[in-house]
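If you want the building blocks of each chain, they are given just below.
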Amino acid sequence: MRAGRKSVALVAGAAVVVGLAGCSAGGSADGKTQITWFKLTETAETANEAIAQIVSDFESENPDIDVVVEERAVDAHKDALRTTLGTSGAPDIFFSWAGPGLGGEFIEVGASLDLEKYYEEFGWADRFSEATLETVTQYGQYDGVPYTQRGEALFYNKDLFAKAGVDAVPTTYDELVAAAEKLKAAGITPIQFGGTVNWHVMRLLDSILETKCGSDGYQALVTHEASWADEECVTETFTEFEKWTSEYLNPGFISINNDESSALFYSGEAAMALEGDWFNQVIRDNGMDESTVGLMPFPTGTGRLYGFNENNYISSNSENPDAAAAFLDYLTSEDAQKTFIAAFGSQSVNVNVQAEGGSELDQAWTPIFENATGIYMNNDQNLSLAETTEYWRIQNLVATGELDPADAGSEFQKFLDQQ
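Rules of the game
Residues numbered from 1 in each chain as written. Predicted model: local features only at pLDDT ≥ 70, side-chain atom pairs only at ≥ 80, totals over all residues. Heavy atoms only, no water. Axes fitted to C-alpha atoms, helices over the stretch in contact; angles between N-to-C directions. Helix = DSSP H or I, 4+ residues; strand = E, 2+ residues; numbered from the N terminus. Parallel < 35°, antiparallel > 145°, perpendicular 65-115°, else oblique. Left-handed = near helix turned anticlockwise from the far one by under 90°. Contact = heavy atoms within 4.5 Å. Salt bridge = Lys/Arg side-chain N within 4 Å of Asp/Glu carboxyl O. Buried < 20%, exposed > 50% of the residue type's maximum accessible area, 1.4 Å probe, protein only. Core = buried A, V, L, I, M, F, W, Y, C linked by side-chain atoms within 4.5 Å. Domains from an automatic or database assignment. Phe/Tyr/Trp six-rings, centres within 6.5 Å; stacked < 30°, edge-to-face > 60°. Lys NZ or Arg CZ within 6 Å of the ring centre and 35° of its normal. Pairing = 2+ DSSP bridges. Arc of directions from axis to C-beta. Polar contact = N/O pair within 3.5 Å; in protein donor to acceptor, adjacent residues only side chain to side chain. Expected span 1.5 Å × (residues − 1). Buried area = accessible area lost by both parts, 1.4 Å probe.

### Observations concerning the packing of helix H2 (residues 45-61) against helix H13 (residues 321-331)
Packed helices, taken two at a time, are described by the angle their axes make and the gap between the axes. In contact at an axis separation of 10 Å, H2 and H13 are set at 125° when each is read in the N-to-C sense. Our classification of the angle between H2 and H13 gives oblique. The interaxial crossing formed by H2 with H13 has right-handed handedness. For the pair H2 and H13, the contacting residues are Ile51, Ile54, Val55, Asp57, Phe58 and Glu61 in the first and Ala326, Phe327, Tyr330 and Leu331 in the second.

### Some words on the pattern of salt bridges
All told, the structure shown has 18 salt bridges when counted by the stated rule. Notably, a salt bridge pairs Asp362 with Arg284, separated by 3.2 Å at the nearest N-O pair. Remark: Arg284 occurs in helix H12 (residues 279-285) and Asp362 occurs in helix H15 (residues 360-363); sequence separation between them is 78 residues. Of the residues examined, Arg284 reaches a relative accessible area of 27% and is grouped as partly exposed. A network of salt bridges, in which partner residues are shared, links Glu390, Arg393, Glu411 and Lys414.

### Re the nonpolar core
Soluble globular proteins: nonpolar side chains tend toward being buried together. One finds Trp37, Trp124, Phe155, Phe265, Phe279, Ile283 and Phe327 to be the most contacted residues of the largest nonpolar core, which totals 59 residues. Take this core: its biggest share by element is 7 residues, from H13. No fewer than three residues from each of domain 1 (33-150 + 308-361) and domain 2 (151-307 + 371-417) sit in this core. Residues within four places of Ile283 in sequence aside, it is in contact with Phe155, Phe265, Tyr266, Met288, Glu290, Val293 and Leu361. Counting residues in each nonpolar core, the second largest holds 57 residues, with Phe193, Ala220, Tyr248 and Ile394 among its members.

### Points about the packing of aromatic side chains
Considering all chains together, one arrives at 27 aromatic pairs under this definition. Ring geometry for Phe58 and Tyr330: centres 5.8 Å apart, planes at 45°, overall tilted. Of this pair, Phe58 sits in helix H2 while Tyr330 sits in helix H13, and the two are 272 residues apart along the sequence. Taken together, a centroid distance of 5.0 Å and an interplanar angle of 75° make the contact between Trp244 and Tyr248 edge-to-face. You'll find Trp244 and Tyr248 in the same group, each marked buried. Taken together, Trp37, Phe58, Phe95, Trp97, Tyr147, Phe327, Tyr330 and Phe340 form an aromatic cluster joined through their ring pairs. Above the face of the Trp37 ring, Lys39 is positioned so that its terminal group lies 5.7 Å from the ring centre. Just above the ring of Trp97 sits the side chain of Lys78; from NZ or CZ to the centre is 5.4 Å.

### Some points on the pairing of strand E9 (residues 304-314)
Summarising burial for E9: 11 of the 11 residues are buried, a large majority. When strand E4 (residues 93-97) meets E9, the two strands line up antiparallel, connected through 5 bridges. Paired with Trp97 across the bridge in E9 is Glu310. Both strand E5 (residues 145-157) and E9 contribute to a ladder of 7 bridges, which runs antiparallel. Its bridge partner lying in E9, Gly151 is registered against Gly307. The pairing of E9 with strand E10 (residues 374-377) spans 4 bridges and is classified as parallel. Residue Gly307 lies in a different strand from E10, and its bridge partner there is Met377.

### Re unusual backbone geometry
At His224, a residue that is not glycine, the phi angle is positive and equals roughly 65°. With respect to the secondary-structure elements, His224 resides in the loop between helix H9 (198-222) and helix H10 (232-247).

### Notes on helix H11 (residues 258-266)
Every buried residue of H11 is accounted for by Asn258, Ser261, Ser262, Phe265 and Tyr266. Buried residues along H11 cover an arc of 160° about the axis, so they all sit on one side. For H11, the secondary structure elements touched by its buried residues are E5, strand E6 (189-192), H9, strand E7 (270-276), H12 and strand E8 (293-296). For H11, the N-terminal cap is Asn257; the gap from its side-chain oxygen to the backbone nitrogen of Asp259 is 3.0 Å. With its phi angle positive at about 80°, Gly268 sits one or two positions after the end of H11.

### So, H10
Helical geometry: 3.6 residues make up each α-helical turn, so side chains three or four residues apart lie on a common side. When the terminal C-alpha atoms of H10 are compared, their 23 Å separation across 16 residues agrees well with the 22 Å that a helix rising 1.5 Å per residue should span. Every buried residue belonging to H10 is among Cys233, Val234, Thr237, Phe238, Glu240, Phe241, Trp244 and Thr245, and all of these are buried. For H10, the arc enclosing every buried residue in end-on projection is 165°, short of the 170-degree limit, so these residues lie on one face. Considering only its buried residues, H10 is in contact with helix H8 (173-185), E6, H9, helix H18 (385-399) and helix H19 (405-418).

### What to know about the domain arrangement of the protein chain
Domain annotation of the protein chain identifies domain 1 (33-150 + 308-361) and domain 2 (151-307 + 371-417). Inter-centroid distance (C-alpha atoms) of domain 1 to domain 2 is 28 Å. Contacts between domain 1 and domain 2 engage 27 residues on the former and 29 residues on the latter. For the pairing of domain 1 and domain 2, the buried interface totals around 2,000 Å² over both sides, and the portion due to carbon and sulfur atoms is 55%. For the domain 1 face of the interface with domain 2, the top three residues by lost area are Arg150, Phe308 and Leu361, together amounting to 38%. Linking domain 1 with domain 2 are 1 salt bridge, by the criterion used here. Of the charged contacts in the structure, one is a salt bridge between Arg150 and Asp277, with a shortest N-O distance of 3.0 Å. Among the elements of the structure, H2, helix H3 (74-84), E5, E9, helix H14 (334-344) and H15 are those that each provide at least two residues to the side of domain 1 that touches domain 2. If one sorts the elements of the side of domain 1 that touches domain 2 by residue count, H3 sits on top with 4 residues.

Put into structure tokens, the structure is as follows:
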């Protein structure tokens, strides 16, 4: 258990947060207990509908509790957490990515309630996999309840691959580059990204870093055990990244967002998309014929899968933690998870719930998860907020030709040394 976490929370709250009007950490209305849940607006409308159904079912079974869901887009959600946690405007439950650079940001200042008694009460330790539980216990106590296990891979348009003469699915990085060259030569945009949301293009940079530095090198860099200025693989990474952004991405990518760039994939204008398992449902919701879509891991050569976990946390100053825990218990129950994974993807955090049926595209995720030797996590989860902001700045400078790839590693390390 972290010593002095309550006092840390109060100091941090006074220093860095201000309340949002109209929000409160729980309360009551019409004699009912009211709990508030801050979460993301899901990309797939079907997923939003599934959450609404789960909330409605919970309220039917618990007529004395109302769940107020406040949904926001990715960056707006992060801002809402940073301005409310530690204040009277904090939600009872908040969603966050589980990596130390995002969820850890809030846990380390005491914004998350220790849930040990609820893990004992509801038997949650037996409900979740060892991998997901590690994200809960990594800070020394029980912070959060697993929400999703996410894998990210390359979706590709089979018809566009065939048109460009890409006859086999790439299994190595060199084969992937060769496929991109063929697509480009055929007048097809090889891969789509939206640059106004930095985390979208970051996926490409992260995946090339894993490819060029290997799993051990990647981990050493993101944990600051190795210098970004001294590793030759870092220069190789940024050199390859510059090549992709100048030759293989959709023109003007830097000025559009991920939703706009994804439309290029749905319409058959771009051949690949580096997305997560949630993208299956998004493809369907946007009317794309999923039989034309294939799926492959980014061929890093390490065997690790790009991905992350997401958790829900109970605010340390929630007025109704018991009601909040009851809702999270229902959200991760077998009944609710069957509804959940049908809309969210192929993997449930509840080890007793397995995906059944599903399309060929849904089933394609199973061997990808099963064959993975580990996970390499998105770097906005590995790095602190300040480090992530600098990582993105350098990423964008290289992508726009304003920074020589040979100088990118030393530029990032200079910032790290100053922290």
